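# Descriptive structure summary
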Amino acid sequence: MAQQFNPQNIKKRYATLVFLKGSTAPLVLYVEDAQSLYNELIQAMKSPTAILIEKETQGPLKKVSFISNQIAALAIQEEQYCM
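This write-up is about the structure you can find in this document.

Cut-offs used in this document
- Once a new chain begins, its residue numbering starts again from 1 and follows that chain's sequence as written.
- pLDDT decides what is reported in this predicted model: residues at 70 or higher carry local features, side-chain atom pairs at 80 or more are listed and counted, and totals for whole chains, interfaces and linings draw on all residues regardless.
- With hydrogens and water stripped out, all remaining heavy atoms of the structure feed into the side-chain values.
- Numbering of helices and strands starts at the N terminus; helices are DSSP runs of H or I of at least 4 residues and strands are runs of E of at least 2.
- Classification of residues uses two cut-offs on accessible area relative to the type maximum, computed with a 1.4 Å probe and protein chains only: under 20% is buried, over 50% is exposed, and between them is partly exposed.
- The definition of a polar contact used here is a pair of N or O atoms within 3.5 Å, where within protein one atom must be able to donate a hydrogen and the other to accept one, and adjacent residues in sequence count solely through side-chain atom pairs.
- By the convention used here, residues are in contact when the closest approach between their heavy atoms is within 4.5 Å.
- A carboxyl oxygen of Asp or Glu within 4 Å of a side-chain nitrogen of Lys or Arg is what we treat as a salt bridge.

### A word on the side chain of E79
- Here E79 is to be found in strand β5 (residues 71-82).
- Here E79 falls in the buried class, since its relative accessible area comes to 16%.
- Only 2.8 Å separates the side chain of E79 from the side chain of Y30, close enough to count as a polar contact.
- The residues touching E79, leaving out its near neighbours within four places in the chain, are K11, K12, R13 and Y30.

Encoded structure:
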């Protein structure tokens, strides 16, 4: 039997997308505060010194690391899902 649509069951989550140079798909990072991670990565991109960024996430990627000077672009993505 099909599940009934209930707007109260729709939740939103946010992910920070990290586009790396030479990669065809972005890293999709699910963290507690996507905006804070976005701001942190923006600051790392502005830095003249390349730094290693290592993060633990809540999504399919449990731990990720990359060098700040390899970031080509960043985005925040909103997703809707049902509980």
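### Considerations on the pattern of salt bridges
- This model, assessed by the stated rule, comprises five salt bridges.
- The residue K12 makes a salt bridge to E78 at a minimum N-O spacing of 4.0 Å. With K12 in strand β1 (residues 10-20) and E78 in strand β5, this pair connects stretches of sequence that are 66 residues apart.
- By relative accessible area, E78 is classed as partly exposed at 42%.
- Salt bridges here are not isolated pairs; linked through shared partners, they connect E54, E56 and K63.

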